[in-house]
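Here is what each chain is made of, one letter per residue.
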Amino acid sequence: MKKTIKLQDLDCANCAAKIEHSISKLDGVTNVKVNFISQKMILEAQDDQFDTIIAQAKKIAKKIEPDMVIMA
Amino acid sequence: MSKKEKKLLWRILIAGVMFTILFPLHLKEVLPEYPELILFLIAYLIIGIDILEKAVRNITRGQVFDENFLMAIATIGAFCLGEYAEGVAVMLFYQVGELFQSYAVSKSRRSIADLMDIRPDYANIMRDGSLVQVDPEEVQIGNIIIVKPGERIPLDGIIEEGSSSLDTAALTGESVPREVGAGENVISGCINQTGRLTIRVSKEFGESTVAKILELVENASDKKSKSENFITRFARYYTPLVVIAAAILAILPPLITGQSFNIWIQRALTFLVISCPCALVISVPLSFFGGIGGASKSGVLVKGSNYLEALANTEIVVFDKTGTLTKGNFVVSEIYSKQMSKQELIRLAAYAEDYSSHPIAMSIKKAFGKNVDNSQIKDTTEVAGQGVRAVINGKIILAGNTRLMKTNHISYDDNTSAGTVVHLAVDGEYAGYIRIEDEIKPDSRQAILDLKAAGIKQTVMLTGDSDAVGKKVAAALNLDKAYTELLPADKVEQLEKLMHQKSQKGMLAFVGDGINDAPVLARTDIGIAMGGLGSDAAIEAADVVIMTDEPSKIATVMKISKKTLRIVRQNIIFALGVKGIVLILGALGFATMWAAVFADVGVSVIAIINAMRALNVKKFNQIHGYVL
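These numbers come from a predicted model, not from an experiment.

### Concerning the overall build of chain B
Reasoning step 1: Of regular secondary structure, chain B possesses 20 helices and 22 strands.
Reasoning step 2: Projecting the C-alpha coordinates of chain B onto the three principal axes gives extents of approximately 120 × 65 × 40 Å.
Reasoning step 3: Here chain B holds 628 residues, and the buried ones make up 47% of them.
Reasoning step 4: Taking as baseline every contact in chain B between residues at least 6 positions apart, the subset at least 24 positions apart corresponds to 66%.

### Topic: the pairing of strand E15 (residues 395–400) of chain B
All names here are of chain B.
Reasoning step 1: Here strand E14 (residues 387–392) pairs with E15 via six bridges, running antiparallel. Within the sheet, the bridge partner assigned to arginine 389 lies in E15 and is leucine 398.
Reasoning step 2: Hairpin connection of E14 to E15: two residues between the antiparallel strands, including asparagine 393 at a positive phi of 50°.
Reasoning step 3: Pairing geometry for E15 and strand E16 (residues 420–426), over four bridges, is antiparallel. Among the inter-strand pairings, leucine 398 is bridged to a residue of E16, identified as alanine 425.

### Describing the packing of helix H1 (residues 3–28) of chain B against helix H2 (residues 33–60) of chain B
The relative placement of two packed helices is expressed as an angle between their axes plus a distance between the axes.
Residue and element names in this part refer to chain B.
Reasoning step 1: Look at H1 against H2: their axes get within 9 Å of each other, and the N-to-C directions meet at 155°. If you check the angle between H1 and H2, you find them roughly antiparallel. Judged by the twist between their axes, the crossing of H1 over H2 is left-handed. Between H1, through Arg11, Ile12, Ile14, Ala15, Met18, Phe19, Leu22 and His26, and H2, the contact on the second element is made entirely by Glu36, Leu39, Phe40, Ala43, Ile46 and Ile47.
Reasoning step 2: The residue inventory of the contact of H1 with H2, partitioned by class, reads 11 nonpolar, one polar and two charged.

### Describing the sheet that holds strand E7 (residues 185–186) of chain B
All names here are of chain B.
Reasoning step 1: What the six strands build is an open sheet, ordered E2-E1-E3-E9-E4-E7; its pairing is antiparallel. Edge positions in the sheet fall to strand E2 (130–134) and E7, since each has one partner strand and no second.
Reasoning step 2: Where strand E4 (residues 157–161) lies against strand E9 (residues 197–201), four bridges are found, and the strand directions are antiparallel. Note that in E9 the partner of isoleucine 159 across the bridge is isoleucine 199.

### Details of helix H8 (residues 261–273) of chain B
Reasoning step 1: For H8(B), spanning 13 residues, the distance from its first C-alpha to its last is 19 Å, which sits close to the expected 18 Å at 1.5 Å a residue.
Reasoning step 2: Those residues of H8(B) that sit buried are Trp264(B), Gln266(B), Arg267(B), Ala268(B), Leu269(B), Thr270(B), Phe271(B), Leu272(B) and Val273(B).

### Details of the nonpolar core
Reasoning step 1: Counting residues in hydrophobic clusters, the biggest one holds 174 residues, and the most contacted among them are Val88(B), Val90(B), Val273(B), Val302(B), Val318(B), Ile528(B) and Val544(B).
Reasoning step 2: When residues no more than four places from it in sequence are discounted, the contact partners of Ile528(B) are Ala509(B), Phe510(B), Val511(B), Ala542(B), Val544(B), Ile546(B) and Ile554(B).

### Structural notes on the environment of Ile19(A)
Residues and elements named next belong to chain A.
Reasoning step 1: The residue isoleucine 19 is located in helix H1 (residues 13–24) in this model.
Reasoning step 2: Residue classification places isoleucine 19 among the buried residues on the basis of 25 C-beta atoms within 10 Å.
Reasoning step 3: Counting along the chain gives 19 residues from isoleucine 19 to serine 38, while the straight-line C-alpha distance between them is 15 Å.

### A short note on the pairing of strand E18 (residues 458–462) of chain B
All names here are of chain B.
Reasoning step 1: Counted residue by residue, E18 has four buried out of five residues, so it is predominantly covered.
Reasoning step 2: As defined by bridge partners, strand E11 (residues 314–320) adjoins E18 across five bridges and the pair is classed as parallel. Following the sheet pairing, isoleucine 316 is matched in E18 by glutamine 458.
Reasoning step 3: As paired strands, E18 and strand E19 (residues 481–483) are joined by three bridges and run parallel to one another. For valine 460, the partnering residue across the bridge sits in E19 and is lysine 481.
Reasoning step 4: Between the parallel elements E18 and E19, the chain passes through helix H15 (residues 467–477) in a crossover that is right-handed.

### Describing the packing of helix H7 (residues 226–257) of chain B against H8(B)
All names here are of chain B.
Reasoning step 1: At a closest axis distance of 8 Å, the pairing of H7 and H8 adopts a crossing angle of 170°. Between H7 and H8, the crossing angle belongs to the class labelled roughly antiparallel. Along its contact with H7, which presents Val242, Val243, Ala245, Ala246, Ala247, Leu249, Ala250, Pro253 and Pro254, the element H8 presents Phe261, Trp264, Ile265, Arg267, Ala268, Phe271 and Leu272.
Reasoning step 2: Looking at side-chain class alone, the contact of H7 with H8 contains 15 nonpolar, no polar and one charged residues.

### Looking at the interface of chain A and chain B
Reasoning step 1: Counting from both sides, the interface comprises 13 residues of chain A and, opposite them, 19 residues of chain B.
Reasoning step 2: Those elements that provide at least two residues to the side of chain A that touches chain B are H1, strand E2 (29–35) and helix H2 (50–64) of chain A.
Reasoning step 3: Looking at which element gives the most residues to the side of chain A that touches chain B, the answer is H1(A), with three residues.
Reasoning step 4: The residue inventory of the side of chain A that touches chain B, partitioned by class, reads seven nonpolar, three polar and three charged.

### As for the domain arrangement of chain B
Many analyses report the size of an interface as the accessible area lost when the parts associate.
Residues and elements named next belong to chain B.
Reasoning step 1: Domain parsing of chain B yields domain 1 (1–120), domain 2 (123–213), domain 3 (299–326 + 441–559) and domain 4 (327–439).
Reasoning step 2: Between domain 2 and domain 3, the C-alpha centre-to-centre distance is 32 Å.
Reasoning step 3: Contacts between the two partners involve nine residues from domain 2, matched on the other side by seven residues from domain 3.
Reasoning step 4: For the side of domain 2 that touches domain 3, the secondary structure elements donating two or more residues are helix H5 (169–172) and helix H6 (209–220).
Reasoning step 5: Counting residues per element, the side of domain 2 that touches domain 3 draws most heavily on H6, at three residues.

### Comments concerning the sheet that holds strand E1 (residues 2–8) of chain A
All names here are of chain A.
Reasoning step 1: Taken in spatial order, the four strands make up an open sheet running E2-E3-E1-E4, and their pairing is antiparallel. Either end of the sheet is taken by a strand with one partner, and the two such strands are E2 and strand E4 (69–71). Sheet twist, expressed as the average angle between the axes of neighbouring strands with direction ignored, equals 25°.
Reasoning step 2: As paired elements, E2 and strand E3 (residues 40–45) share six bridges and run antiparallel to each other. Looking at E3, one finds that asparagine 35 is bridged to lysine 40.

Rules and cut-offs
- Residues numbered from 1 in each chain as written.
- Chains lettered and ligands numbered in written order.
- Predicted model: local features only at pLDDT ≥ 70, side-chain atom pairs only at ≥ 80, totals over all residues.
- Helix = DSSP H or I, 4+ residues; strand = E, 2+ residues; numbered from the N terminus.
- Buried ≥ 20, exposed ≤ 12 C-beta atoms within 10 Å, placed from the backbone.
- Contact = placed C-beta atoms within 7 Å.
- Pairing = 2+ DSSP bridges.
- Axes fitted to C-alpha atoms, helices over the stretch in contact; angles between N-to-C directions.
- Parallel < 35°, antiparallel > 145°, perpendicular 65-115°, else oblique.
- Left-handed = near helix turned anticlockwise from the far one by under 90°.
- Nonpolar A, V, L, I, M, F, W, Y, C, P; charged D, E, K, R; others polar.
- Expected span 1.5 Å × (residues − 1).
- Core = buried A, V, L, I, M, F, W, Y, C linked by C-beta atoms within 7 Å.
- Right-handed = clockwise from strand over helix to strand, strands pointing away.
- Domains from an automatic or database assignment.

This is the structure we're talking about:
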């Protein structure tokens, strides 16, 4: 499954890179791109794990960039 | 300016005023120590409270190399060393830089968004006799929509009624409007300029040209270039390394030299201020995004930063002939008649070919230019691979290639020069021939000249057409090489051979129409498809799509690519250079924290502004001086 997720208030380019790196290491994630300029994340992951992965991704984002809101 | 930015601006102003009053008092040492500390602390908290908050929050989450945390340590460290003014000033300048950076980034985001502003907001649809505005996504295939003058065409479709001129500039970069009338296909994203159009929708919004282009451009920056990958990897190690260096700097030298810890701790704090790789991490992808945006403004879609980067290193450009360098529409270029008038010869040929829809037959009928009287034609038979035999007004007409003449034992004028030749015989007597040629596009010659000027080492043409035709076109365009009479499989093979001729870093680009050269497009470093506007096949198959039919756009996009890479290189060298110099000076005690703040945020802002230059491609679009 592939989903485009809006990232509100993603203000720091370095954080975007860090978030992308951490999420890409999650189990079941096949592909992830965090685009700082368009403030979007494209997440591709196994169908059956998708919801848990989104939850984990939110946690990671909260940890690295607390001001950011994942609009998923 | 956003709400967040405005709030920050106020805090900067208040803290700035406090600082300008406190600083001279501090220099003259008029205030007693504790009131001075308290006043500076108040200014510090006003300007830096959010940084401190984030620092605490992030450190509890284990983010040691967080930029806020490092900034907090650096400034609190300054306070501990008794440098109150420096602590406040550094935080103040850091925030000013952050504000500028945030403003510059949102401004760049906006100008890129403006560029991509081809998304239609609504579609006019007839409902119960009145016109209503609906979301383009709600409109279905077969629905009738109305587009008034000045409105954007929301969905792809066919004109049922009306005629107008369309402004396609947002899609193709072409400033001359396109005239359209009933029965013609129109593409979403164009602006209807003059007349009211009634359009039958042929594609849903998600499948429409405009949606596809937007998706492509937005996702293009996800295919990362080598320089971006380098920067992301670099950034991962940069911060920890600088922080470790700072720790070593604070401890080792005083232990060895016996100097006071204060001096070295201060120098180490300078390091912490420069420890964020932000300038690089922002400006490199932003430059590529700008370059891709600029290219799309000129009517060229680049499907990834990696392709934009590769274009700059192109050494060999291989062209398909038909539809790429030539128009792909055939016109009669010569009529030779032995006895009868030329008009009569073309009439007989047009009558004989009347039933055929082959491009050659079509061009003969077009050259004849009059209606064909069917009653005069009897008994038309097609001879596969040779031509046709028809009875017209009782005369047996043979029209076809040399093989047709040979099998019917007719001696013909052997003519080996370029073009497709249709021979004609009447009642077994040779009558003459008609030569049909493809037209070279008006800007093909200029395209090759521009590519040569841009440093392309070899221009090659591959064609399935006859040797005579291929060689003639290649000579007219001044191409370096032409390989002719190739079957599709031969094209791939020939391309493989050419791939070996480039240097290790060099790239090979193949330019085709994207319709029947998918295997070749897939095999090259960069596949470029022409005439992408309205052709899904071309958009799918290629890495770079030229929306118009102009081969000269290849040189345009190569120039954009080179400019983008130049900006990227400038930013990398500038940011790393300034940071490196300030780190060295800081370690030696020559650079203060002020210089460090400049090396951090000042460099970011300059790099962002520089990156935005990639968007400006105006000068590359003014190269349409056709030389023919």
